[in-house]
Amino acid sequence: MVERAPVLDTICHAILIAGALLVCVPLYFAFVAGSLTIAEVQKVPLPWLPGGQFVANLQAAWAKADFSRTFLNSIVVAVGITAGKIAVSLLSAFAITYFRFRYRMLAFWLIFMSLMLPIEVRIVPTFEAVANAALPLQWLADMLHVADFWKWISGHDVTITLEWNMVNTYPGLILPLIASATATFLFRQFFLTVPDELCEAARLDGASPLRFFWSILLPLSVSNIIALAIILFLFGWNQYLWPLLFTTDKDMATAVIALKNLIPRSDSEPAWNIAMSGALLTMLPPTMVILLLQRWFLKGLIDSSK
Amino acid sequence: MNASSPIASAPIWPESPAVQVAQPSGLARSQHPSPGATVAEHSPVTPRPIRARTPKRGQPDREPGLKRANFGREAGLPTLLLLPQLLILVCFFFIPSLRALMQSVLLSDPFGSNVQFVWFDNFKALFASGEYRQSIVTTIWFTVTQNVITLAVAVVLAFASDRVVRGRSVYRTLILLPYAIAPAIAGILWAFLFNPVVGPLAHMLHALGISWDPNRNPNDALWLVIMAASWKHICYDYIFLAVGLLAVPASLMEAAAVDGAGPIRRFFLIALPMLGPTVFFLAVMNFIYGFFETFAIIDAVTHGGPAGATNILVYKVYVDGFINLDLGSSAAQSVLLMTFALICTLLQFRYFDHKVNYGV
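Basis of the calculations
Residues numbered from 1 in each chain as written. Chains lettered and ligands numbered in written order. Predicted model: local features only at pLDDT ≥ 70, side-chain atom pairs only at ≥ 80, totals over all residues. Heavy atoms only, no water. Helix = DSSP H or I, 4+ residues; strand = E, 2+ residues; numbered from the N terminus. Rg over C-alpha atoms; globule rule 2.2 N^0.38 Å. Buried < 20%, exposed > 50% of the residue type's maximum accessible area, 1.4 Å probe, protein only. Contact = heavy atoms within 4.5 Å. Areas by Shrake-Rupley, 256 points an atom, 1.4 Å probe, with all protein chains shown as cover. Lys, Arg positive; Asp, Glu negative; His and termini not counted. Charge placed at Lys NZ, Arg CZ, Asp CG, Glu CD. Buried area = accessible area lost by both parts, 1.4 Å probe. Salt bridge = Lys/Arg side-chain N within 4 Å of Asp/Glu carboxyl O. Patch = residues over 30% accessible without salt bridge, like charges linked within 9 Å, V, L, I, M, F, W, Y side chains within 5 Å.

Trainee: How would you explain the overall build of chain A if you had to name every residue and give the values?
Mentor: Helix and strand counts for chain A come out as 17 helices and zero strands. Relative to the 2.2 N^0.38 estimate, which gives 19 Å for 306 residues, the radius of gyration of chain A is 26 Å and therefore markedly larger than a compact globule would have. Burial analysis of chain A (306 residues in total) assigns 55% to the buried set. Across chain A, the fraction of contacts at a sequence separation of at least 24, relative to all contacts at a separation of at least 6, is 73%. Accessible area for chain A stands at about 13,400 Å²; split by element, carbon and sulfur atoms hold 68% of it. Positive and negative side-chain charges in chain A, numbering 19 and 19 respectively, have mean positions lying 6 Å apart.

Trainee: Tell me about the environment of A:I96, residues and numbers included.
Mentor: Residues and elements named next belong to chain A. Position of I96 among the secondary structure elements: in helix α4 (residues 67-98). A residue is classified by how much of its surface remains accessible, and I96, at 2% relative accessible area, is buried. Counting along the chain gives 187 residues from I96 to M283, while the straight-line C-alpha distance between them is 38 Å.

Trainee: Can you explain the interface of chain B and chain A? Please cite residues and give values.
Mentor: Counting from both sides, the interface comprises 126 residues of chain B and, opposite them, 121 residues of chain A. Carbon and sulfur atoms make up 75% of the surface buried where chain B meets chain A, a total of about 11,700 Å² over both sides. Of all residues in chain B, B:K67, B:F71 and B:F92 give up the largest surface area on contact with chain A, accounting jointly for 8% of the area buried on that side. At the junction of chain B with chain A, the criterion picks out six salt bridges. Between A:E200 and B:R68 there is a salt bridge whose closest N-O contact spans 3.1 Å.

Trainee: Break down a nonpolar patch on the surface for me, citing the residues and quoting the values.
Mentor: Residue and element names in this part refer to chain A. A cluster of nonpolar side chains, contributed by L137, L140, M143, L144 and V146, occupies part of the molecular surface with about 500 Å² of accessible area. Broken down by element, the residue count for the nonpolar patch peaks at three residues, all from helix α7 (residues 135-143). Position of V146 relative to the elements: it lies in helix α8 (residues 146-154).

Below, the structure is given as C-alpha cells:
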C-alpha cells in the first residue's frame, strides 16, 4: 500500500465481501435445502433459515446414492490417478534429464505432444481403446499377417481375435486419465534445477543411477510431489465425463456420477433436499483438502499450470 | 529458479509463475506491507540470476534439457524407466488420436460391419448441417461470455485483495473454494438456485416480473450454464492474477504514486499491462476450460437443451458418438476439436517461451 485511501479500502472490502458472498450463497442455499423436509423444500419461497432434517437427509442421500460404495470408488480412482501419474512421471522425467541415450529427444517429443490434448476431444476412440485394450496387438497381428503366415505353415485357417475389456474396471477408469504429460514436465523442470554437484558426488561415491534417484532425487522432490498430488487428487475426484461412460455397472460409479442420479428430473419427485445433501457430501473431501492444505494446493496449482 | 529452490520449503504464496520481475520485493510486500518503504529500497533493475556458464567438463556438445552431471550413455535403464509412460501414452493417447483421424475419413454403420472410405465427406456433412453450425455459434458465445465474465470478476477481486490487508487470507480462502467443487456439482447448485419451481433466485426473478424458465427458454438455459461455469472458474483466474500482482515491483507503484497517479490509475496503467502475459495465459486457459471441461455442467444441468441451446461442441461429440452412434461424424468433430486444442497449446507456448528455459 502506497497511500492511505480509506474510501477505496472500504470499497475494496465491499468488493471482496461481494465476491465471498457470490461463492457462499449457492453453498448456503444448498445447506438450507439439505436441511429441509421434502414438503418444505417445495414451498415457495425457500426459507432463509435451515430446518432440522440435515442429518436425516444426509443419511437418505448416503443410502440412495450408495455412497459407501461410490465414495470408495472415487477414492480408489483419485488415489490411483494421483499415484500412477506421479510414479510414471517421476521415472520418465528422471530418464530424460539424467541419461544421454539415442532416443532421448524422440521420447521427449512423444511425451511433449500429449501435453494438452484433453481426453474430452477423443472420447470415442479412447473408449474403444479401453473396451478392448488388446486392440493394438490385434492390429499388429493383422498387419504382420500372422494368420496368413500360420495358414501358410500349417494349412489351417485361423482368425485371430484378441479381447481385453477394461470397461467397468479400475484400470479402465484410471489409466486413460494418466495419459498426459503435465506432471512429467513439472518434474523435468524441477530436476533441471537440482544442483549438478549432488549427482557428481553420488557418482564419486559409487551410487548407481537408481540409488541416486531413490536416496537423493526423491527426497528432494517431496514438496513438489505433495503439491502435485493435491492437484491430481482434486482432478481425479472431480472427474465426470470418463466415469460417466463407465456407469453401465452401478457398482463402479464414482461419487460425482452417483450424485448426478439424485438430481430430480421433471418426471420424478422433486427431492432437492436429498440432492443437495448429496452434493454437500460429495464436495466435502476436496473442500477439506483445499482448506487444510491451502499453501500446498496453491503451489501445486501454479506449478502444474506452468 | 536458482539452485537453492529445491530445498526451500513451500512459501505461502509460491514464487510467481507468471511474472518473474523482482520477486523479492513482491514477496516482501505480501508479508510485510510497509507503507513507509522508500523508493530507494527497491532497485528498479532486476538482478539477473547468475546462471552456471562454467566450462563443461568432457561434454562439449550438450543436449538441451540434459543435466550436465548425468549418467552417461546408458540405453537399457532409461528405456525401462520410460516404458510405463510411453506404453500408457501409446495405448490411450496416440492410438486413440490416430483412430479418430482415421475414422473421420470413414463412413461406417453403427455396428461397424460396413466401412467405406469417404475422404472429407464427414467434414463436408458437418459444415453443411445447420445443427453443427448452431453448435459452433453456441460454443463461441458460451466460451467468450464465460471468459469475459470470469476474467473481469477475477481482475476486480484481485485488485481489491491486493489493496486490502485485514482479512485478506479469509477472503482468499473463500474465493478459492469453488476450485474444490466438481463442475457437475457447481452445475447442480446453480440448477437448484435457478430452478423455476423451487429455486430461491428464480423466485426473486419471478418476483421482479422476469419470466425465467431454463427448461423451456433457450436463452435462460444458456445464461444458467454460463453463470455456473464462470462461478466455478473465477477462483482459477483469481489465483494467478493475485500471485502476479504480488510480483509487480513496489518501486514502480511508488514512483507512479509520487507522480500523482491514483490507485486505480496505477492498476490499469502499470499493474495490468505488466500482467499482460498472465491475462493472455488465463484467456487461453479459460477457452480450454469452456470448450472441454464444462461438459459436466452441460450434462448435469441441461443435457444440451432446450432445443439445442446449450449443445456445445464437446457435448455434441459425446451425443453423436455414444448416443446416436454416428462414429464418422463424431470422429470428424473430434478432429476439429483436437485442432482447436492444438492451436490453444501453441498459443500457450508462445507464452511459455519466456518461461521455460530448455537450455538450463
